[in-house]
Amino acid sequence: MQDGFNDPLWRQVVSGAQMLFVAFGALVLMPLITGLDPNVALFTAGIGTLLFQLVTGRQVPVFLASSFAFITPIILAKGQFGLAETMGGVMAAGFVYTFMGLMVKIKGTGFIDRMLPPVVIGPVIISIGLAMAPIAANMAMGKGGDGAALMPYKTAMLISMPALLTTLIVAVFGKGIFRLVPIISGVLVGFALAFAFGVVDTAKIAAAPWLEIPNFTAPAFNWQAILFIVPVALAPAIEHIGGVIAVGSVTGRDYLKKPGLHRTLLGDGLATTAAGLFGGPPNTTYAEVTGAVMLTKNYNPKIMTWAAVFAITLAFIGKFGALLQSIPVPVMGGILCLLFGSIAAVGMNTMIRHKIDLAEARNLVIVSVTLVFGIGGVLIGSGDGPDDWGLKGIALCAVVAIALNLILPGNDGWKNKKLDDQLP
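Just so it is clear, the model here is predicted, and its values are computed rather than measured.

Description of a nonpolar patch on the surface
- Together, Leu-165, Leu-168, Ile-169, Val-172 and Phe-173 give the surface a local cluster of nonpolar side chains, amounting to about 490 Å² of exposed area.
- Summarising the element assignment, Val-172 is placed in helix 8 (residues 153–173).
- The exposure class assigned to Val-172 is exposed, which follows from its relative accessible area of 57%.

Looking at the packing of aromatic side chains
- Using the criterion set out here, one finds six aromatic pairs in the structure.
- Seen from their ring centres, Phe-43 and Phe-278 are 5.2 Å apart, and the 75 degrees between their planes marks the pair as edge-to-face. Taken together, the residues span a long stretch of sequence, with Phe-43 in helix 2 (residues 38–56) and Phe-278 in helix 13 (residues 256–278) at a distance of 235 residues.
- When its relative accessible area of 27% is taken as the criterion, Phe-278 is described as partly exposed.
- Cluster of aromatic residues (ring-pair linked, three or more members): Phe-43, Phe-216, Phe-278 and Phe-316.

A closer look at unusual backbone geometry
- A cis amide bond links Lys-258 to the next residue, Pro-259, at an omega of 10 degrees.
- Here Pro-259 is to be found in helix 13.
- Phi is positive for Arg-58, which is not a glycine, with a value near 50 degrees.
- The residue Lys-297 is not glycine, and still its phi comes out positive at about 60 degrees.
- Tracing the chain through its elements places Lys-297 in the loop between helix 14 (287–296) and helix 15 (302–315).
- With a relative accessible area of 44%, Lys-297 lands in the partly exposed category.

Some words on empty space enclosed by the protein
- Per the stated rule, a full pass over the model turns up one cavity of 30 Å³ or more.
- Around the largest cavity, the lining residues are Leu-116, Val-120, Ile-121, Val-124, Pro-231, Leu-234, Ala-235, Ala-398 and Ile-402.
- Counting residues per element, the ones that place at least two in the lining of the largest cavity are helix 6 (118–130), helix 12 (234–251) and helix 19 (393–407).
- Broken down by class, the residue content of the lining of the largest cavity amounts to nine nonpolar, no polar and no charged.

Re helix 15
- End to end, helix 15 covers 20 Å across 14 residues, agreeing with the expected 20 Å (1.5 Å per residue, within 8%).
- When helix 15 is considered as a whole, its buried residues turn out to be Ile-303, Met-304, Thr-305, Ala-307, Ala-308, Ala-311, Ile-312 and Ala-315.

Focus on the nonpolar core
- If you look at the biggest cluster of nonpolar residues, it comprises 106 residues, and the most contacted ones within it are Leu-27, Leu-29, Phe-63, Phe-68 and Phe-70.
- The dominant element in this core, judged by the number of residues it contributes, is helix 1 (residues 9–34), at 12 residues.
- Excluding its chain neighbours within four sequence positions, the residues that come into contact with Leu-27 are Leu-20, Ala-41, Leu-42, Ala-45, Phe-63, Ala-65, Ser-66 and Tyr-286.
- Counting residues in each nonpolar core, the second largest holds eight residues, with Phe-52, Val-60, Leu-64 and Val-244 among its members.

Focus on the side chain of Ser-15
- In this fold, Ser-15 is placed in helix 1.
- Owing to a relative accessible area of 12%, Ser-15 belongs among the buried residues under this scheme.
- Ignoring sequence-local partners within four residues, the contact set of Ser-15 consists of Asn-298 and Ile-303.

Cut-offs applied
- Residues numbered from 1 in each chain as written.
- Predicted model: local features only at pLDDT ≥ 70, side-chain atom pairs only at ≥ 80, totals over all residues.
- Heavy atoms only, no water.
- Patch = residues over 30% accessible without salt bridge, like charges linked within 9 Å, V, L, I, M, F, W, Y side chains within 5 Å.
- Areas by Shrake-Rupley, 256 points an atom, 1.4 Å probe, with all protein chains shown as cover.
- Salt bridge = Lys/Arg side-chain N within 4 Å of Asp/Glu carboxyl O.
- Helix = DSSP H or I, 4+ residues; strand = E, 2+ residues; numbered from the N terminus.
- Buried < 20%, exposed > 50% of the residue type's maximum accessible area, 1.4 Å probe, protein only.
- Phe/Tyr/Trp six-rings, centres within 6.5 Å; stacked < 30°, edge-to-face > 60°.
- 1 Å grid on protein atoms, 1.4 Å probe; cavity = no way out; pocket = protein on both sides within 12 Å on 5 of 7 lines; lining within 4 Å.
- Points joined across faces, edges and corners; volume = space filled by probe spheres on them.
- Nonpolar A, V, L, I, M, F, W, Y, C, P; charged D, E, K, R; others polar.
- Expected span 1.5 Å × (residues − 1).
- Core = buried A, V, L, I, M, F, W, Y, C linked by side-chain atoms within 4.5 Å.
- Contact = heavy atoms within 4.5 Å.

Structure, rendered in structure tokens:
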């Protein structure tokens, strides 16, 4: 069977470039949404992937890059605490992965199933998607995240809706490798329309140097920012486990045993910690790349090494970063209408696949409270100021979901009561 392990060097290099191309759209979209430097995101994705390979002995063909689960907390934390403090929180989130890897090594995977069952992870992932829905809608209509108009509504809609439509068409009807790049396709169409409407700032692209060191940001540590971001790491940790299982099913290898889940979690944790150290977004395994591995049947982890090398190289091209940052807001907004909804759909599918019965009062309570706390803006704490303690949004709903799951009785008969039995 052709699995890529005996490919000549030039073919490995080409395959690595192809894998980066598949991951590229989501990789740079996340920092563009959150206001981080896309060149830094490219650099930390490459460094993170290399660290992951170092820890796992270069056995798992995965590529690590920007995690969409952290979009909401990073945007809010940046506004409340500042970029440096947010990066301190990202580093702390990496330590969560590392701790989970240690616990898996000591206790096995059973404790993850007990602490983070589908009834907890499902509604948290739904909240991650739906909490950002208003921002996606505003961006599609040419407004900032706060609702302030950035360009005329008609122009914005003539850019965002074709970008969204292109993304949908490629995702549904695309064949082969093109099916894996709907985001890039939507961005290209949206950017072309934005250029035709004259809303692309070409002056910044012309002024940018060809070679430039990315705008790295050193972290600062603030316990409030850390508490704000760390709970969100729980959902991507489960996403990581699912990604490792998925790529194992594609390659026919059990990566949970070799190199072991504790090593893959450690690798992901170090990658995210390194991202926070340089000012980049947290990393996670990319399903798009797993799909490309399945499509090409190239299971050689060395191709991910080359993808990482290409990502690091692109990070130092200043004009490339300026080009990415010139993409108008409606282009991203149109695509986000699909992406954020897709994240919510993943959460729903998690509960459906595991047959979570919402007629059981226990499950209904956990899901209902988690969704309202995550989407409704409930605040636990004294306020929103940088010196005030507060827990809200995704961080709050993750903590609440875990707490309810651990506190509510599960096997004493109450768990099996139906909702109708609880009503007067």
